[in-house]
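Residues per chain, in single letters:
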Amino acid sequence: GGTVSAVDTYVGHLAGSNGAATVTGAGSSWTGNSFFIGNSGTGTFNVLNSATLTANNNTFLGYFAGSTGTPNVDGAGSKFSLTNNKSLWVGGSGFSGTPAGTGIVNVTNGGTLDMNGSVTYLGVSGGTGTINFDDAKWNPGSAVAVGYSGTGTVNITNGSIVTLNGQIILGLSG
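Worth saying up front: this structure is predicted, and the values here are computed from it rather than measured. (Residues numbered from 1 in each chain as written. Predicted model: local features only at pLDDT ≥ 70, side-chain atom pairs only at ≥ 80, totals over all residues. Heavy atoms only, no water.)

Comments concerning the overall build of the chain
- Per the secondary structure count, the chain includes zero helices and 20 strands.
- Relative to the 2.2 N^0.38 estimate, which gives 16 Å for 174 residues, the radius of gyration of the chain is 14 Å and therefore close to what a compact globule would have.
- Overall size of the chain, expressed as C-alpha extent along the three principal axes, is 45 × 35 × 25 Å.
- Residues classed as buried in the chain amount to 48% of the 174 residues present.
- By sequence separation, contacts in the chain at least 24 residues apart represent 77% of the contacts at least 6 residues apart.
- Here the chain has roughly 7,000 Å² of accessible surface; of this, 49% comes from carbon and sulfur atoms. (Helix = DSSP H or I, 4+ residues; strand = E, 2+ residues; numbered from the N terminus. Rg over C-alpha atoms; globule rule 2.2 N^0.38 Å. Buried < 20%, exposed > 50% of the residue type's maximum accessible area, 1.4 Å probe, protein only. Contact = heavy atoms within 4.5 Å. Areas by Shrake-Rupley, 256 points an atom, 1.4 Å probe, with all protein chains shown as cover.)

Now the structure itself:
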């Protein structure tokens, strides 16, 4: 498998842009500090067929208004992980006054989303955040905030397993 190591990764960085990245196959990995998937444009990141994506810092999906960020984690052994107690921001950035976009995480067919003690925020600062699990695993870390001054949705179907070692907060702030 192939290996990518980067400081920060931007997919769909500028307004009007459309970017995609794929890491696929056992032993293939992409590791970096922060990931911005759909920073101002549209970004898609595919993690397929037992590949891994590891973020060592905060990661943002649909950072600014008008952006869309979508990671797809598909297949047994495929994994998207955050380390170092950092946060996953799905549909926004959490920075006051920053209008947010749309983030959608799809984890399917035995894939895993592993937050390792991190906090997951869905729908931040007017943004929209959705996580879809279909026959998948989610270790959300210390807390999940769904609808953090935005619209957040979590869909768990077809035998998906969620192991939460902390809080889930639904509709935080208006």
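So, the side chain of Thr112
- Here Thr112 is to be found in strand 13 (residues 112–114).
- With a relative accessible area of 12%, Thr112 lands in the buried category.
- Not counting residues within four places of it along the chain, the set of residues in contact with Thr112 comprises Val73, Ser78, Lys79, Phe80, Val107, Lys137 and Asn139.

Remarks on the sheet that holds strand 18 (residues 151–157)
- With parallel pairing, six strands are arranged side by side in an open sheet as 3-6-9-12-15-18. Among the strands making up the open sheet, the edge pair consists of strand 3 (18–24) and strand 18. Here the strands of the sheet are splayed against their neighbours by 5° on average, with no regard to which way each runs.
- Here seven bridges tie strand 6 (residues 42–48) to strand 9 (residues 68–74), and the two strands are oriented parallel to one another. What sits directly across from Gly43, in strand 9, is Gly69. (Pairing = 2+ DSSP bridges. Axes fitted to C-alpha atoms, helices over the stretch in contact; angles between N-to-C directions.)

Here's the deal with the packing of aromatic side chains
- Considering all chains together, one arrives at 11 aromatic pairs under this definition.
- Ring geometry for Phe60 versus Tyr63: centroids 5.1 Å apart, planes at 80°, classification edge-to-face. With respect to class, Phe60 is no different from Tyr63; both count as buried.
- Following the ring pairs from residue to residue traces out a cluster consisting of Tyr10, Phe36, Phe60, Tyr63, Phe64, Trp89, Tyr121 and Tyr148. (Phe/Tyr/Trp six-rings, centres within 6.5 Å; stacked < 30°, edge-to-face > 60°.)

Some remarks on the environment of Val162
- Mapped onto the elements, Val162 comes out in strand 19 (residues 161–162).
- Counting along the chain gives 142 residues from Val162 to Ala20, while the straight-line C-alpha distance between them is 28 Å.
- In contact with Val162, not counting residues within four places along its chain, are Trp138, Pro140 and Ile156.

Let's talk about the pattern of salt bridges
- Taken as a whole and assessed by the stated rule, the structure comprises one salt bridge.
- Two residues, Lys79 and Asp114, come together in a salt bridge whose shortest N-O distance is 3.7 Å. With Lys79 in strand 10 (residues 79–82) and Asp114 in strand 13, the pair connects residues that are 35 residues apart, well separated along the chain.
- On the basis of relative accessible area, Lys79 is assigned to the partly exposed category, the value being 29%. (Salt bridge = Lys/Arg side-chain N within 4 Å of Asp/Glu carboxyl O.)

Things to note about the pairing of strand 17 (residues 143–148)
- Burial of strand 17 is extensive: five of the six residues sit out of reach of the surface.
- Here strand 14 (residues 119–124) pairs with strand 17 via five bridges, running parallel. Paired with Val119 across the two strands is Ala143, which belongs to strand 17.
- Note that strand 17 and strand 20 (residues 167–172) share five bridges and pair parallel. For Tyr148, the partnering residue across the bridge sits in strand 20 and is Leu172.

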